[in-house]
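Spelled out from the first residue to the last, the chains are:
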Amino acid sequence: MSDANHNARSLDDRAHIDAKRAKAWGHIIFNAILALLFAFMFVRAGELPSSMWEPMGAGTFPRIVLAFLVVFNVMIIIKELPSLKQTSALSQGAVRAWLIEHRLAFGVLILFGLMTAAVPILGFRWASLPFLIVCQYLLGARSTKALVIATVIALALSFGLESLFRHVFTISLPRGMWG
Amino acid sequence: MLEAILLGADQLFTFTTMLTMLVGVTVGVIAAAIPGFTITMAIVLTLPLTFTMPPLQGVSTMLAVYIGGYTGGMISAALLGIPGTPSAVATTFDAFPMARNGEPGRALALGIWASFFGTLISTLVLIAAAPPLALIAVKLGAWEYFSLVVFALTIVASLVGRSMVRGLFAGLLGLLIATVGADPLMGVTRFTFDLRLLSAGIPFLVVLIGIYAVSQLLKEVENPDQVQKGRQLITGRIEFRPFSALREVLKNPINLLRSSMVGVFIGAVPGAGGSIANLLAYDQAKRGSRHPEDFGKGCSEGVIASESGNSATSGGGLIPMIALGIPGSAVDAVLMAALMVHGIGVGPRLIMDNADTVYGMFMAMFVAGAMMLVVCLLSMRLFLKVTNIPKSVIVPVVLTCCLVGAFTLNNRVTDIYLLLGIGLVGYIMTKLDYPLAPLVLGVILGPIAETNLRRALMTNEDWTLFFTRPISAVLLGLAVISIALAIRYHLRQNRPRPEDA
C-alpha cells in the first residue's frame, strides 16, 4: 500500500516538474518571438509620419507601448530562466501525453479553422453544417440518437440561423459561390 | 411639473406601450445573452420598429431593450464564462467560478437583483442630479479624459492575478492591439503590414469574443474522457432561490451603492460606458472588501459590484443626453436619434419643451427595471437548463454563434479570420497563465488614452497641465493611490506566512 502511494506521489511529482519545465519553455519561446516582433514594430513605428499640428506623431504612442512591451518580454524570460535550471529534462513521452490530453481542443480548433476558411467559399450554411455535425461527433455524439439530435441542431444552427438573420434582422450572412 | 408627470404617465401606462416594453426587455435579455450580440446592435435593430410608434412608446421600448440587455449579458458570463456583452467582462470573474462551484442559480439570482437595484439607484440619481452631474461631465477636457483613463488603467493592477508582470504585459498588449489600423487623429494606417485583414484595425468585440469565448471553449474540451462521456458544464443539483439572493444583496448596501454610483458617474462621462463601469465597480469592491482574497473564486460581492455597476450606467448615460443633448454612449446616441425622428429636439431645452416625454422616460426606466426583474426571475430556470446540455453540443453551437457575431459586427469576412487568430492567441495565453481581463481593458482604453493625450498636447504643449488642472490632478492622485494600494496588497499576499516558515 505504502509503495503504491509512494509511486503515485512520485508520478505526481514528475508530472509537476514536467509541467513547470514545459511552461517555462513555453514562456521563453512565446515571449522571445513577441520580443523580436515588437522590436521590429518599434522600428517600423518610427517611420510613421509626424504631424506639424501636434507634438506627438502617429507612431509616438505605439512606440511607448512597444518599448514597455519589449522590456516586459525580457523580464518574463529572465524570470522563467531559473525554472529551467531547477528542473531536469522532460520525461520521455511527456510531450506525447500532453498532445493526447489536448487532442479534442486541437481537433475543435482545426475544425473551427476549416469552417472559417470555408465560409467565404461555401457560404455560412454549407460551412457551418458539416462543422456542427463533425464537431459534435468528435466531442462524443456517437450513438444513432445522439447523431440524429446533432444533425437537427446543425440544420437549425446553419440554415435556421442564416434564415433568421436574413429575414428578421435583414443581415445577409456570407452565401459563398452560390451567391 | 405635476402636470407633466401626469401627462407622461398617461402616455406611458397604456396596454400597447407596456406590451412593447415587455417584448423589448425579453429581446434585450436574450440578445445580450448571445456572445457577440451587443446591446447597441439590439437597440439599432429595434430603432426602425419604433418609427410607427408614438414618441414615448418608441423610446420606452428602446429603454426596455437597453435595461434587459445589461442583465442578459450576465447569463452567458455566469454560465459559460463568456461575457455576452462587453459590459459583463467583470461578471465572469466571480459569477462563473460561483456557477462552477455548483451554484449557478445563486450567481444568476445575485446578478439579477444587483442589476435591478443598479438600475433603480441610477434612475433616482438621474432624476435628482441630472443637471449638476451633466455640468461636471461636460467640463472634462482632453487632460481630464486622459487622467480618467490612467486611473481606469490602474485597475489592471488588481486584475493581474498571481503575477504582476504578466498582468501588466497583458494590459500593454491590449493597448498595442488597439493601435492596429487607422490612427485616431491623422488616419495614418499603422501595423497593417499591407494586409487587407488588418487594414480596418482589430475590432474590440472581435478581441472580446476571441479572447474569452474561443479560448474558454477550447479549455472546456481539454479533458477528453469527461467530454466524450457527455459531461455537462456544471454538475450536481442546481437550485434557484431568488429571495435568499435578495437578502444577500441587501446585506451589501455599501457595495451596492458604491458600485451603482461608479456606474452612474462612468455612464455620465461621454465615451465611457458599461464595459468600464463593470470593471471599475468590481475593482472598487475588491479594494473596499474585508476579504479581497475571496474575489475571483466565486465571491458574491464581486457579482453584486459588477452587475450593479454596469446596469447603473443606463441611467447615468441619460444624464448628459437629457440635460445637454450629448450622448453618453452609442446606445444613447441611438436613443437620441429615436427622439429626433419623432421631431423632438434634444438639447438643454428638452426638459423644458418636452417635460412630459422626459418624465415619461424616467418612469419608463423604473417600469423597465421592474419588468426586467420579473422576466428574469421567471425565465432563469429556463436559462439554467443550459447547464444540463452536454459540452459536445454547447461548444460547437457557441463557436458558431461567435462566428456569426464576429461577422455581423461589420459584415466583414476578414473579422472571422481575426477571431480565429485572436482565439488562438487567447488560448496560448490561458495555457501560460496570463490574465485576460487586463488585455480587454487595454483594448477598451487604448484609443481613448491615445486620442486624449494627443489632443491635450495639440491644444497646449505644456504637459504640466495634467497636474495643474484640478479634476485631472485629482484623477491622477487617485491613480497613484490606487497603484500604491495594489502594490501593498501584492506584497502582503506574497509575504511568507509564519506557518510556512
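As recorded in an unreviewed UniProt entry, chain B goes by the name Putative tricarboxylic transport membrane protein, listed as coming from Vreelandella arcis.

The name that an unreviewed UniProt entry assigns to chain A is Tripartite tricarboxylate transporter TctB family protein, with the source organism given as Vreelandella arcis.

Now for the overall build of chain A. Tallying secondary structure elements over chain A gives 5 helices and 0 strands in all. For chain A, the α and β elements follow one another from N to C terminus as α-α-α-α-α. Expressed as a percentage of the 179 residues in chain A, the buried residues total 38%. Considering only residue pairs separated by 6 or more positions, chain A has 68% of its internal contacts joining residues 24 or more positions apart. About 10200 Å² of surface is accessible on chain A, with carbon and sulfur atoms providing 70% of the total.

Let us look at the interface of chain A and chain B. One widely used convention gives an interface's size as the accessible area the parts lose upon coming together. Counting residues at the interface gives 68 residues for chain A, matched by 62 residues for chain B. Contact with chain B buries area across many residues of chain A, yet Phe61, Phe112 and Leu139 of chain A alone supply 12% of it, more than any other trio. The tally of links from chain A across to chain B stands at 3 salt bridges. In this structure, the salt-bridge partner of Arg166 of chain B is Glu80 of chain A, at a minimum N-O distance of 3.6 Å. Where chain A meets chain B, there are 7 residue pairs in polar contact (both at pLDDT 80 or more). When contributions to the side of chain A that touches chain B are tallied by element, the ones reaching two or more residues are helix H1 (2–46), helix H2 (60–86), helix H3 (94–101), helix H4 (103–138) and helix H5 (144–167) of chain A. In terms of residues, the side of chain A that touches chain B owes the most to one element, H4 of chain A, which gives 19 residues.

Before going further, it helps to spend a moment on the UniProt feature "transmembrane region" (unreviewed entry) in chain A. All names here are of chain A. As recorded in UniProt, the sites labelled "transmembrane region" (unreviewed entry) are residues 24–43, 63–82, 103–126 and 146–165. From the first C-alpha to the last, residues 24–43 spans 28 Å; its make-up is 100% helix and 0% strand. Note that residues 63–82 is 100% helix and 0% strand, and that its end C-alpha atoms are spaced 30 Å apart.

So, on to unusual backbone geometry. Residues and elements named next belong to chain B. The backbone phi angle of Asn411 is positive, close to 55°, even though this residue is not glycine. Along the polypeptide, Asn411 turns up in the loop between helix H20 (391–410) and helix H21 (414–431). Of note, the phi angle at Asp433 is positive, near 65°, even though the residue is not glycine. Turning to its location among the elements, Asp433 is positioned in the loop between H21 and helix H22 (437–459). Here Asp433 falls in the partly exposed class, since its relative accessible area comes to 29%.

Counting residues in hydrophobic clusters, the biggest one holds 127 residues, and the most contacted among them are Phe38 of chain A together with Phe169, Tyr212 and Leu439 of chain B. In terms of residue count, the dominant contributor to this core is H4 of chain A (15 residues). Of the domains in this structure, domain 1 (2–94) and domain 2 (102–178) of chain A are the two that each give at least three residues to this core.

Residue and element names in this part refer to chain B. Going through the model one piece at a time under the given rule, you end up with 16 salt bridges over all chains. Close ionic contact of Asp415 with Arg412 constitutes a salt bridge, the shortest N to O distance being 3.4 Å. Accessibility expressed as a relative area gives 0% for Asp415, which makes it buried. A relative accessible area of 26% places Arg412 in the partly exposed class.

Counted according to the given criterion, the structure contains 16 aromatic pairs over all chains. Three or more aromatic residues joined by ring pairs form one cluster here, namely Trp113, Phe116, Phe117 and Phe243 of chain B. The side chain of Arg63 of chain A reaches across the aromatic face of Phe42 of chain A, ending 4.1 Å from its centre. Directly above the ring of Tyr137 of chain A sits Arg142 of chain A, whose terminal nitrogen or CZ lies 4.4 Å from the centroid.

Here the focus is the packing of H5 of chain A against H20 of chain B. At their nearest, the axes of H5 of chain A and H20 of chain B sit 11 Å apart, and the two run at 20° to each other. Comparing their axes, H20 of chain B and H5 of chain A come out roughly parallel. The element H5 of chain A and its partner H20 of chain B pack so that their crossing is right-handed. Taken together, the residues of H20 of chain B that come into contact with H5 of chain A (itself represented by Ile153, Leu157, Leu161 and Phe165 of chain A) are Val393, Val397, Thr400, Cys401, Val404 and Thr408 of chain B. Classifying every residue of the contact of H5 of chain A with H20 of chain B by side-chain character gives 8 nonpolar, 2 polar and no charged.

Per-residue confidence for chain A gives a mean pLDDT of 88, with 93% of residues at or over 70. Per-element confidence in chain A is highest for H4 of chain A, whose mean pLDDT is 95, and lowest for H1 of chain A, whose mean pLDDT is 83.

This next bit is on helix H7 (residues 142–153) of chain B. Residue and element names in this part refer to chain B. For H7, with 12 residues, the first-to-last C-alpha span of 16 Å sits near the 16 Å given by 1.5 Å per residue. Burial analysis of H7 places 10 of its 12 residues in the buried class, the great majority of the element. Considered for burial, the residues of H7 that qualify are Ala142, Trp143, Glu144, Tyr145, Phe146, Ser147, Leu148, Val149, Phe151 and Ala152.

Residue and element names in this part refer to chain B. Along the chain, Leu110 turns up in helix H6 (residues 104–139). Taking C-alpha positions, Leu110 is 6.8 Å from Val303, a pair spaced 193 residues apart along the chain. Beyond its immediate stretch of four places on either side in the chain, Leu110 contacts Met98, Ala245, Glu248, Val249, Ser300, Val303 and Ile304.

Residues and elements named next belong to chain B. With 25 residues, helix H4 (residues 55–79) extends 37 Å from end C-alpha to end C-alpha; this agrees with the ideal 36 Å at 1.5 Å per step. Of all bends in H4, the biggest is about 30°, found at Gly69. Of all 25 residues in H4, 24 are buried, a share of seventy percent or more. The first or second residue beyond H4 is Gly81, which carries a positive phi of 80°.

Reading guide: rules and limits
- Residues numbered from 1 in each chain as written.
- Chains lettered and ligands numbered in written order.
- Predicted model: local features only at pLDDT ≥ 70, side-chain atom pairs only at ≥ 80, totals over all residues.
- Heavy atoms only, no water.
- Helix = DSSP H or I, 4+ residues; strand = E, 2+ residues; numbered from the N terminus.
- Buried < 20%, exposed > 50% of the residue type's maximum accessible area, 1.4 Å probe, protein only.
- Contact = heavy atoms within 4.5 Å.
- Areas by Shrake-Rupley, 256 points an atom, 1.4 Å probe, with all protein chains shown as cover.
- Buried area = accessible area lost by both parts, 1.4 Å probe.
- Salt bridge = Lys/Arg side-chain N within 4 Å of Asp/Glu carboxyl O.
- Polar contact = N/O pair within 3.5 Å; in protein donor to acceptor, adjacent residues only side chain to side chain.
- UniProt positions renumbered as here; feature names shortened; annotations may be inferred.
- Core = buried A, V, L, I, M, F, W, Y, C linked by side-chain atoms within 4.5 Å.
- Domains from an automatic or database assignment.
- Phe/Tyr/Trp six-rings, centres within 6.5 Å; stacked < 30°, edge-to-face > 60°.
- Lys NZ or Arg CZ within 6 Å of the ring centre and 35° of its normal.
- Axes fitted to C-alpha atoms, helices over the stretch in contact; angles between N-to-C directions.
- Parallel < 35°, antiparallel > 145°, perpendicular 65-115°, else oblique.
- Left-handed = near helix turned anticlockwise from the far one by under 90°.
- Nonpolar A, V, L, I, M, F, W, Y, C, P; charged D, E, K, R; others polar.
- pLDDT = per-residue confidence, 0-100.
- Expected span 1.5 Å × (residues − 1).
- Bend = angle between axes of the 7 residues up to and from the residue.

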